[in-house]
Amino acid sequence: MKILKNIEVKLSEEEIKKIIAEKIAGELPGYTVEPEDVTLLVGTRLVGCFNDEHEEAYFKCGSVHCVIKDEEG
């Protein structure tokens, strides 16, 4: 018998923004990236056919505003 364990993790918008900001900051040394610098865009699209057709939300894209750290200030 093979027993599989499934875990569902629910993240808030702020948690997702924090994860993205930390990842981008790690990839771009010298830049400051805060969670409030992350913008997430959710879109909707039609799925299904005929009587089964309905709108579905999906993660469309995101953008991150990165700022170079000022060493003088």
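Residues numbered from 1 in each chain as written. Predicted model: local features only at pLDDT ≥ 70, side-chain atom pairs only at ≥ 80, totals over all residues. Heavy atoms only, no water.

### Structural notes on a negative patch on the surface
So, step 1. A contiguous patch of negative charge on the surface is contributed by E14, E15, E34 and E36.
So, step 2. Tracing the backbone shows E34 in the loop between β1 (31-32) and β2 (38-47). (Patch = residues over 30% accessible without salt bridge, like charges linked within 9 Å, V, L, I, M, F, W, Y side chains within 5 Å. Areas by Shrake-Rupley, 256 points an atom, 1.4 Å probe, with all protein chains shown as cover. Salt bridge = Lys/Arg side-chain N within 4 Å of Asp/Glu carboxyl O. Lys, Arg positive; Asp, Glu negative; His and termini not counted. Charge placed at Lys NZ, Arg CZ, Asp CG, Glu CD. Helix = DSSP H or I, 4+ residues; strand = E, 2+ residues; numbered from the N terminus.)

### Overview of the pattern of salt bridges
So, step 1. Scanning the model with the defined rule gives 4 salt bridges in all.
So, step 2. Residue K10 pairs with E8 through a salt bridge whose shortest N-O separation is 3.8 Å.
So, step 3. With its nearest N and O atoms 3.5 Å apart, the salt bridge here joins E56 to R45. Of the two residues, E56 sits in strand β3 (residues 54-64) while R45 sits in strand β2, which places them 11 residues apart along the sequence.
So, step 4. Residue class for R45 comes out partly exposed when judged on its relative accessible area of 40%. (Buried < 20%, exposed > 50% of the residue type's maximum accessible area, 1.4 Å probe, protein only.)

### Some words on unusual backbone geometry
So, step 1. Positioned with a positive phi, F50 is a non-glycine residue whose angle comes to about 50°.
So, step 2. Among the secondary structure elements, F50 is positioned in the loop between β2 and β3.
So, step 3. Under the relative-accessibility criterion, F50 is labelled exposed at 79%.

### Overview of the environment of H65
So, step 1. Residue position: H65 is located in the loop between β3 and β4 (67-68).
So, step 2. Distance in space between the C-alpha atoms of H65 and D37 is 5.1 Å, their sequence separation being 28 residues.

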